[in-house]
Amino acid sequence: MDTILITGSNGLIGSEMVKHFHGLGWTVHGVDNNMRADFFGPQGDTRWNQKRLASQYSGFVHHELDIRDRQGVLNLVSQLEPDAVLHAAAQPSHDLAASRPFDDFDVNAVGTLNFLEAVRRFCPESPFVYLSTNKVYGDAPNRIALTELDTRWEYDDPRYTDGIAEDFTIDQSKHSLFGASKVAADVMVQEYGRYFGIPTACLRGGCLTGPSHSGVELHGFLSFLIKQNLTGGTYQVYGYKGKQVRDNIHSYDVARFVEEFIAAPRQAEVYNLGGGRGNSCSIMEAFAHVERITNRPMQWKYVDKNREGDHICYISNLAKLKAHYPAWSITKSLDDIFSEIVEAWEVRIP
């Protein structure tokens, strides 16, 4: 029976991976220390998800470990010698990184290095999949010519009709400190693939979302937006007239791609992984979408200043990913995503 080690197992992607690989018959070990609650307060607490995993998936083993604990990471990987590692643990917020730069870099960059070196020492044949981010491109996507439509910004350059590909520059742009720490980790994951021959992949996610997301204002826009609608809270829109665009991918489809990569791994690969054009929406369009489902008006406030390093329009080009793994495709539509998040919050909100 194969063993997979999943970091950030309490979180959205990590918990989806636990469910998915448990269902495939793998032995699943998770690493998490609920750092999200430290970053975002009680609303970011993920212990509810940890308890759910423990109750639903027999044999799932939770390890209470801070990924900055280098010796702890080395000890765990040497003990397990996993057949695959999925590294999803992170500090995920632009804004928080600016106020806690050491924590941000130590979690995102140093924590990733700790696991890479542990894999190199103890299981170098095991695929290492890293959840990177489209923020490694910084604000360079904002240089693409855009046109303003009624409800969204849209690319006005035919080269980007299908979105942004992996050869887009990551250099000489504003990333936010979060984006910079993720770049450091992203490049290091590639280097361990090229230099040491470890099968590695960087998944540069668009808007990764789903019903297990503990969305807060500083991270998890779609989950948080839907929660605000259901509770009557006010959602703050930061700049760009609320027409900024994201492509949304359900955590299940992320897990399906990880399964494909682990089954046929490659070295030092980079993939833009998002919902693509079909699952893209602006904030204004998201408001209309959730209102149709819940029949509740969206309360929102406009702040005439965008977040530092924020994208105006970002859509992932999935061509490379589909060429390498043609059995993979998007199975969860935007309607599916909205409906599942609404249902999940209706259960979780007191």
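Right above here is the structure, for reference.
Residues numbered from 1 in each chain as written. Predicted model: local features only at pLDDT ≥ 70, side-chain atom pairs only at ≥ 80, totals over all residues. Heavy atoms only, no water.

A. Layout of the environment of Ala268. One can find Ala268 in the loop between helix H9 (251–263) and strand E12 (269–273). You can call Ala268 buried: its relative accessible area is 7%. Each C-alpha atom of the pair Ala268 and Glu191 lies 6.9 Å from the other, and the pair is 77 residues apart in sequence. Those residues within four positions of Ala268 in sequence are excluded, and the remaining contacts are Gln190, Gly193, Arg194, Ile198 and Thr200. (Helix = DSSP H or I, 4+ residues; strand = E, 2+ residues; numbered from the N terminus. Buried < 20%, exposed > 50% of the residue type's maximum accessible area, 1.4 Å probe, protein only. Contact = heavy atoms within 4.5 Å.)

B. Fine view of the side chain of Ser282. Turning to its location among the elements, Ser282 is positioned in strand E13 (residues 280–282). A polar contact is formed between the side chain of Ser282 and the backbone oxygen of Thr151, at a distance of 2.6 Å. Sequence-distant contacts of Ser282, that is, excluding residues within four places in its chain, are made with Thr151, Arg152, Gly242, Lys243, Gln244 and Val245. (Polar contact = N/O pair within 3.5 Å; in protein donor to acceptor, adjacent residues only side chain to side chain.)

C. Representation of the sheet that holds strand E5 (residues 128–131) within the structure. Strand order across the open sheet formed by seven strands is E3-E2-E1-E4-E5-E8-E12, with parallel pairing between neighbours. Of all strands in the sheet, those bounded by a partner on one side alone are strand E3 (61–63) and E12. Within this sheet the neighbouring strands show an average axis-to-axis angle of 20°, counted without direction. With four bridges connecting them, E5 and strand E8 (residues 200–205) associate as parallel partners. Within E8, the residue paired with Val129 across the bridge is Ala201. Here helix H7 (residues 176–196) sits on the sheet in contact with E5, E8 and E12, set at roughly 155° to E8. (Pairing = 2+ DSSP bridges. Axes fitted to C-alpha atoms, helices over the stretch in contact; angles between N-to-C directions.)

D. Main features of the sheet that holds E13. With respect to topology, three strands assemble into an open sheet ordered E9-E11-E13, the strand pairing being mixed. With one partner strand each, in any of the chains shown, strand E9 (207–209) and E13 form the two edges of the open sheet. Averaged over neighbouring strand pairs, the angle between their axes works out to 40° when direction is ignored. Here E9 runs beside strand E11 (residues 245–250); their pairing, made up of three bridges, is parallel. Its bridge partner lying in E11, Thr209 is registered against His250.

E. Spotlight on the packing of aromatic side chains. This model, assessed by the stated rule, comprises 16 aromatic pairs. Geometrically, the ring pair formed by Tyr137 and Tyr314 is stacked, given 6.4 Å between the ring centres and 20° between the ring planes. Of this pair, Tyr137 sits in the loop between E5 and strand E6 (146–148) while Tyr314 is found in the loop between strand E14 (299–303) and helix H11 (319–324), placing the two residues 177 residues apart along the sequence. Ring centres 6.0 Å apart and planes at 45° place the aromatic pair Phe224 and Tyr235 in the tilted group. Here the residue Phe224 occupies a position in helix H8 (residues 221–231), and Tyr235 occupies one in strand E10 (residues 234–238), the gap between them amounting to eleven residues. For Phe224, a relative accessible area of 8% corresponds to the buried category. Grouped by ring-pair contacts, the aromatic residues Tyr137, Tyr155, Tyr160, Phe168 and Tyr314 constitute a single cluster. The ring of Trp345 carries Arg348 above its face, with NZ or CZ at 4.1 Å from the centroid. (Phe/Tyr/Trp six-rings, centres within 6.5 Å; stacked < 30°, edge-to-face > 60°. Lys NZ or Arg CZ within 6 Å of the ring centre and 35° of its normal.)

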